[in-house]
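The chain contents come next:
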Amino acid sequence: MSAATETALGLTESKSPAARVARTVIYAGLFVVFAGPLLALLVSSFNHVSDPTQLSVIPKSPTLENFKIAFDHGVLKYLLNSFFVVGFGLLLQVAVSVLAGYALARKIFPGMTLVMVAILATMMLPEEILALPLTLVLADVPLLHLNLMGTLAGMIVPLGAWAFSILVMTEFMKDVPRELEEAARIDGAGEFRIFGQIILPLCKPALGVIGVFGFTMIWDQYLLPLLVATNSDSYTLPLALRTLRIDPVVTPGVVMAASLLALLPSVTVFLFFQRSFARGLTAGALKG
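Not measured: the values here are computed from a predicted model. (Residues numbered from 1 in each chain as written. Predicted model: local features only at pLDDT ≥ 70, side-chain atom pairs only at ≥ 80, totals over all residues. Heavy atoms only, no water.)

Q: How should the overall build of the chain be read in this particular structure?
A: For the chain, the helix and strand inventory stands at 14 helices and two strands. Within the span of the chain, comprising 288 residues, buried residues form 37% of the whole. For the chain, the proportion of contacts with a sequence separation of at least 24, taken over those separated by at least 6, is 68%. Of the roughly 17100 Å² that the chain leaves accessible, carbon and sulfur atoms contribute 71%. (Helix = DSSP H or I, 4+ residues; strand = E, 2+ residues; numbered from the N terminus. Buried < 20%, exposed > 50% of the residue type's maximum accessible area, 1.4 Å probe, protein only. Contact = heavy atoms within 4.5 Å. Areas by Shrake-Rupley, 256 points an atom, 1.4 Å probe, with all protein chains shown as cover.)

Q: Explanation requested: the UniProt feature "transmembrane region" (unreviewed entry) in the chain in the structure shown.
A: The UniProt record annotates "transmembrane region" (unreviewed entry) at residues 25-46, 78-101, 108-126, 146-168, 206-229 and 249-273. Span residues 78-101 is 100% helix and 0% strand, its end C-alpha atoms 33 Å apart. The span residues 146-168 is 43% helical and 0% strand by assignment, and the distance between its end C-alpha atoms comes to 32 Å. (UniProt positions renumbered as here; feature names shortened; annotations may be inferred.)

Q: Just to check I follow, could you spell out the nonpolar core for this structure?
A: The tendency in soluble globular proteins is for nonpolar side chains to be buried side by side. Counting 38 residues, the largest nonpolar core has V75, V85, I218, W219 and L237 as the members making the most contacts within it. At the level of elements, α2 (65-72), α3 (75-106), α6 (153-156), α10 (204-219), α11 (223-228), α12 (237-245) and α13 (252-272) are the ones that each hand at least two residues to this core. With eight residues, the top contributor of residues to this core is α13. Non-local contacts of V85, meaning those with residues more than four positions away in its chain, are made with L90, L152, M155, I156, L159, I218 and T236. (Core = buried A, V, L, I, M, F, W, Y, C linked by side-chain atoms within 4.5 Å.)

Q: Quick question: what am I supposed to make of the packing of helix α4 (residues 112-124) against helix α7 (residues 163-174) here?
A: Look at α4 against α7: their axes get within 9 Å of each other, and the N-to-C directions meet at 135 degrees. The angle between α4 and α7 falls in the class oblique. At the point where α4 passes α7, the crossing takes the left-handed sense. The residues of α7 that touch α4, namely those facing M116, I119, L120, T122 and M123, are A163, F164, I166 and L167. Here the contact of α4 with α7 is built from residues that sort into eight nonpolar, one polar and no charged. (Axes fitted to C-alpha atoms, helices over the stretch in contact; angles between N-to-C directions. Parallel < 35°, antiparallel > 145°, perpendicular 65-115°, else oblique. Left-handed = near helix turned anticlockwise from the far one by under 90°. Nonpolar A, V, L, I, M, F, W, Y, C, P; charged D, E, K, R; others polar.)

Here it is as structure tokens:
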């Protein structure tokens with residue numbers, strides 16, 4: 001009689017040959033469903049593909065021609081635009097998030113509840129509702145009277161304040177023991193020293209979380225570049241993929257090659273920050 005083990009959910013896991021075969025079939029099916037499209041994207045980007053309904057996961061005649069044609073259509077320029085936007089946009093977003101999180105978590109000021117409600121409200125509004133007022137603001141920035149339409153700066157500035165990152169930093173900083181802050185004040189440490197040398201180093205897991213999520217959010221932005229870009233010189237890669245897809249001259253293989261270039265940075269960033277990302281999620285779960 002085959003032994004059975006208990007899973008984390010308290011269920012009984014059978015070790016019989018039939019159960020093992022069933023699990024193998026289920027795992028293989030899940031692999032095909034989730035990894036199949038990514039594998040087809042990878043293989044098709046190196047194949048001559050003329051019909052999008054005939055994608056294959058088996059390499060036939062590997063070639064770099066798709067990437068060459070994609071570069072000839074300006075994909076490299078769009079890729080650099082995306083890196084520029086995500087680089088400065090993420091730096092601005094992280095800076096705003098840590099400063100706002102510190103103020104909301106460690107300070108008490110009038111109207112703090114209203115500020116939190118306003119931040120939460122931005123998460124509940126669809127992007128389409130904000131499209132028109134955002135366009136009006138970027139066309140004439142209040143006080144400065146600058147027109148950011150058609151510029152990469154117009155895509156960066158609205159990304160500075162993201163409610164998700166602010167809330168993550170706020171909740172994480174709330175759990176930093178106040179005794180550390182009080183001890184630092186007794187030793188003569190000022191506000192900036194407490195923030196930079198005590199609070200911020202303890203928030204590295206949270207920084208990993210908002211870094212990964214923030215990079216992915218900014219990199220995948222489509223509506224914002226669509227609103228701001230007035231010509232192809234300011235296109236980002238996600239926006240350029242649409243122009244490639246509707247171009248009758250461009251084959252599906254070229255679109256796949258450009259899509260692979262759009263996918264690789266997000267995967268690379270996740271793998272690079274995987275440990276910090278996992279620690280951040282684990283710390284949040286334990287504190288919650």
